Protein chains: 2
Amino acid sequence: MKVLEERIRHDGIVKSNDVLKVDSFLNHQIDVDLVEQIAQEFYNRFSGKTITKVLTLETSGIAIAYPVARAFGVPLVYAKKGNSINMDGERYIAEIPSLTRKKPGRVVISKKFLQPDDCVLIIDDILANGGALQSLVSLVETAEATVVGLGIVIEKGFQEGGHRIRNLGYDLQSLAIVDALDADSGRIVFRDTDE
Amino acid sequence: MKVLEERIRHDGIVKSNDVLKVDSFLNHQIDVDLVEQIAQEFYNRFSGKTITKVLTLETSGIAIAYPVARAFGVPLVYAKKGNSINMDGERYIAEIPSLTRKKPGRVVISKKFLQPDDCVLIIDDILANGGALQSLVSLVETAEATVVGLGIVIEKGFQEGGHRIRNLGYDLQSLAIVDALDADSGRIVFRDTDE
């Protein structure tokens, strides 16, 4: 998605060879105009499919997933991290695979918000090692609902997540794929995508 | 706001005399159609004023604040809770006043996203004791920006927050004010508002 790549080049900050900060427009301050275009692009890519729910993970996925849910005219559900003390009743829990040195975490969702007949589009802002995304897939499958597809704003193509999820056979659409970051020069290399 | 009150009566669950669960449409699963109407109502109430930014607090405020920011055509910024390890650079920090038995917390925002010339509309989903909301006000004032107003979806009128914030002179608009909850009967009493 050209407008997104241009924005990442312009306002993204290469903190190290594997860390790209996009907090000025995507995940602390949100450029609503840009996110509306992102949502429209996800709508275009998945509009041929039946979707009954959009699922994301708190926190930074919510502002992306909301306009996608609006575009499809379906509810948005966000899974919560950790042991949510305010959530009662039955819930599905998935471990976030510990792919990095960070301690493993959990994601939780109330059972009542994922039914077996749900066709779920999973949306998130950043895909790196894919642990969080895999835990969302796991929640959907535990509920015996269907993962229709996964939409990611920025995939770090030099990390494992995208490869891992596509290998499992899912329709993963990333609007920008960053194949390399160079902290010394600030250079960002995007993968050529078919647009 | 009648449609909101009706929805709270229909789908809100009175868990105790001071706990009302609205997770089926407002803060776990989100009814996008309802939230669009909520955002339009906030727009109507504040549209005479100059607003340059919409500010909320992660997590549950984000899906409400996003369409409000879209309506005003301004960026959305969400403050983060605790010590965000991913946030570098200079930041404003405010303590959440410890009004309950819970331990006090902190809210954090990057300084670059709140400038002295910003006119800020603060949006959140629920107002109870007002600690979180006061910490957002504190962030804005520390940045020497202006709090134009505060918009809340559901105010628990039997708790202190609304009184406290209005007493400080702020324009606080709550779309539904719950004056009493009765766990035995499930009854919800709304305050009469001028609509």
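Definitions and cut-offs
Residues numbered from 1 in each chain as written. Chains lettered and ligands numbered in written order. Predicted model: local features only at pLDDT ≥ 70, side-chain atom pairs only at ≥ 80, totals over all residues. Heavy atoms only, no water. Helix = DSSP H or I, 4+ residues; strand = E, 2+ residues; numbered from the N terminus. Rg over C-alpha atoms; globule rule 2.2 N^0.38 Å. Contact = heavy atoms within 4.5 Å. Buried < 20%, exposed > 50% of the residue type's maximum accessible area, 1.4 Å probe, protein only. Phe/Tyr/Trp six-rings, centres within 6.5 Å; stacked < 30°, edge-to-face > 60°. Least-squares fit on C-alpha atoms with pLDDT ≥ 70 in both. Core = buried A, V, L, I, M, F, W, Y, C linked by side-chain atoms within 4.5 Å. Salt bridge = Lys/Arg side-chain N within 4 Å of Asp/Glu carboxyl O. pLDDT = per-residue confidence, 0-100. Buried area = accessible area lost by both parts, 1.4 Å probe. Polar contact = N/O pair within 3.5 Å; in protein donor to acceptor, adjacent residues only side chain to side chain. Nonpolar A, V, L, I, M, F, W, Y, C, P; charged D, E, K, R; others polar. Pairing = 2+ DSSP bridges.

Undergrad: Help me understand the overall build of chain A, please; the structure alone is not making it clear to me.
TA: A count of helical and extended segments in chain A gives five helices and eleven strands. Rg of the C-alpha trace for chain A: 16 Å, near the compact-globule value of 16 Å for 195 residues, within the 12% margin. Viewed in the frame of its principal axes, chain A has a C-alpha envelope of about 50 × 40 × 30 Å. Within chain A, residue pairs in contact and separated by at least 24 positions form 60% of the contacts whose partners lie at least 6 positions apart.

Undergrad: I keep staring at the environment of A:Ile152 and nothing clicks. Help me out?
TA: All names here are of chain A. By the secondary structure assignment, Ile152 is in strand β9 (residues 146-156). Residues Ile152 and Gln173, 21 residues apart in the sequence, show an inter-C-alpha distance of 6.2 Å. In this view, Ile152 contacts Phe42, Asp124, Asp125, Ile126, Leu127, Leu133, Leu172, Gln173, Ser174 and Leu175; residues no more than four positions away in its chain are not counted.

Undergrad: Is there a simple way to think about helix α3 (residues 62-72) of chain A in this case?
TA: Since one α-helical turn is 3.6 residues long, residues separated by three or four positions face the same way. Burial analysis of α3(A) places nine of its eleven residues in the buried class, which makes it a mostly covered element. The complete set of buried residues in α3(A) reads A:Ile62, A:Ala63, A:Ile64, A:Ala65, A:Tyr66, A:Pro67, A:Val68, A:Ala69 and A:Phe72.

Undergrad: Can you help me understand the packing of aromatic side chains in this one?
TA: Aromatic ring pairs are reported here in terms of the distance separating the ring centres and the angle at which the planes meet. Residues and elements named next belong to chain A. One pass over the structure, following the stated rule, counts three aromatic pairs over all chains. Seen from their ring centres, Tyr43 and Phe72 are 4.8 Å apart, and the 55° between their planes marks the pair as tilted. Of this pair, Tyr43 sits in helix α2 (residues 32-46) while Phe72 is found in helix α3, placing the two residues 29 residues apart along the sequence. Assessed through its relative accessible area of 30%, Tyr43 is described here as partly exposed.

Undergrad: Mind showing me how you'd approach the relation of the copies chain B and chain A here?
TA: Take chain B, turn it by 180°, move it 0.0 Å along the axis, and it overlays chain A with an RMSD of 0.0 Å. Taken together, these values place the two copies in the relation of a two-fold axis. When the interface residues of chain B are mapped onto chain A, 100% of them are again interface residues, pointing to one common binding face.

Undergrad: What am I meant to see in the nonpolar core here?
TA: One recurring pattern in soluble globular proteins: nonpolar side chains tend to sit buried together. By size, the foremost hydrophobic cluster in this structure holds 82 residues, and its most contacted members are A:Ile38, A:Leu76, B:Ile38 and B:Leu76. For A:Leu76, the residues in contact, after removing those within four places along its chain, are A:Val54, A:Thr56, A:Ile62, A:Ala65, A:Tyr66, A:Ala69, B:His28, B:Gln29, B:Ile30, B:Val32 and B:Ala63.

Undergrad: How do you make sense of the pattern of salt bridges when you look at a structure like this?
TA: A side chain of one charge can pair with a side chain of the opposite charge if their charged atoms are brought near each other. Using the criterion set out here, one finds 26 salt bridges over all chains in the structure. Residues A:Glu36 and A:Arg70 are paired through a salt bridge, measuring 2.7 Å at the closest nitrogen-oxygen approach. Taken as a pair, A:Glu36 in helix α2 and A:Arg70 in helix α3 lie far apart in primary sequence, 34 residues in all. By relative accessible area, A:Arg70 is classed as partly exposed at 26%. Notably, a salt bridge pairs B:Lys49 with B:Asp171, separated by 2.7 Å at the nearest N-O pair.

Undergrad: Which parts of the structure should I look at to understand unusual backbone geometry?
TA: It is generally the case that most residues other than glycine have a negative phi and that most peptide bonds are trans. Residue and element names in this part refer to chain A. Residue Glu58 is joined to Thr59 through a cis peptide bond whose omega torsion reads 0°. One non-glycine residue, Glu144, lies in positive phi territory at about 60°. Tracing the backbone shows Glu144 in the loop between α4 (131-142) and β9.

Undergrad: Help me understand the confidence of the model for chain A, please; the structure alone is not making it clear to me.
TA: Caution applies to low-pLDDT parts of the model: their predicted coordinates are not meant to be read in detail. Confidence in the prediction for chain A averages 94 pLDDT; 93% of positions are at 70 or higher. Reported for the predicted complex are a pTM of 0.96 and an ipTM of 0.95.

Undergrad: Help me out: how do you make sense of the interface of chain B and chain A in this one?
TA: How big an interface is tends to be stated in terms of the accessible area lost upon association of its parts. Listed by partner, the interface residues are 35 residues for chain B and 35 residues for chain A. Each partner contributes to the roughly 3000 Å² buried at the junction of chain B and chain A, and carbon and sulfur atoms together form 56% of this total. Where A:Asp23 meets B:Lys112, a salt bridge forms, and the shortest distance between an N and an O atom there is 3.5 Å. At the boundary of chain B and chain A, one finds 17 residue pairs in polar contact (both at pLDDT 80 or more). Put simply, the parts of the chain that give the side of chain B that touches chain A at least two residues each are β3 (29-30), α2 (32-46), α3 (62-72), β5 (76-81) and β7 (105-110) of chain B. Per-class residue counts for the side of chain B that touches chain A are 17 nonpolar, eight polar and ten charged. Examined bridge by bridge, strand β3 (residues 29-30) of chain A and β5(B) share two bridges and lie antiparallel to one another.

Undergrad: Explain the side chain of B:Asn27 here, please?
TA: Residues and elements named next belong to chain B. Relative to the assigned elements, Asn27 resides in the loop between β2 (19-21) and β3. You can call Asn27 buried: its relative accessible area is 15%. In this structure the side chain of Asn27 is engaged in a polar contact, spanning 3.4 Å, whose partner is the side chain of Asp125.

Undergrad: Please clarify how the pairing of strand β10 (residues 172-182) of chain A should be interpreted in this entry.
TA: Here is the key point about a regular strand: its side chains alternate between the two faces of the sheet. Residues and elements named next belong to chain A. One ladder, built from six bridges, connects β9 with β10; its direction is parallel. The residue bridging Gly151 from the neighbouring strand is Gln173, located in β10. In the sheet, β10 pairs with strand β11 (residues 187-190) via four bridges, with the strands oriented antiparallel. Bridge pairing links Asp182 to Arg187 in β11. Hairpin geometry of β10 and β11 is characterised by an intervening segment of four residues between the two adjacent antiparallel strands and by a positive phi of about 75° at Gly186.

Undergrad: Is there a simple way to think about the environment of B:Gly12 in this case?
TA: All names here are of chain B. Of note, Gly12 is situated in the loop between α1 (2-11) and β1 (13-16). By relative accessible area, which is 14% here, Gly12 ends up buried. The spatial distance from the C-alpha of Gly12 to the C-alpha of Gly186 is 9.3 Å, given a sequence separation of 174 residues. Setting aside anything within four residues of it in sequence, one finds Gly12 in contact with Arg7, Leu20, Lys21, Val22 and Phe25.

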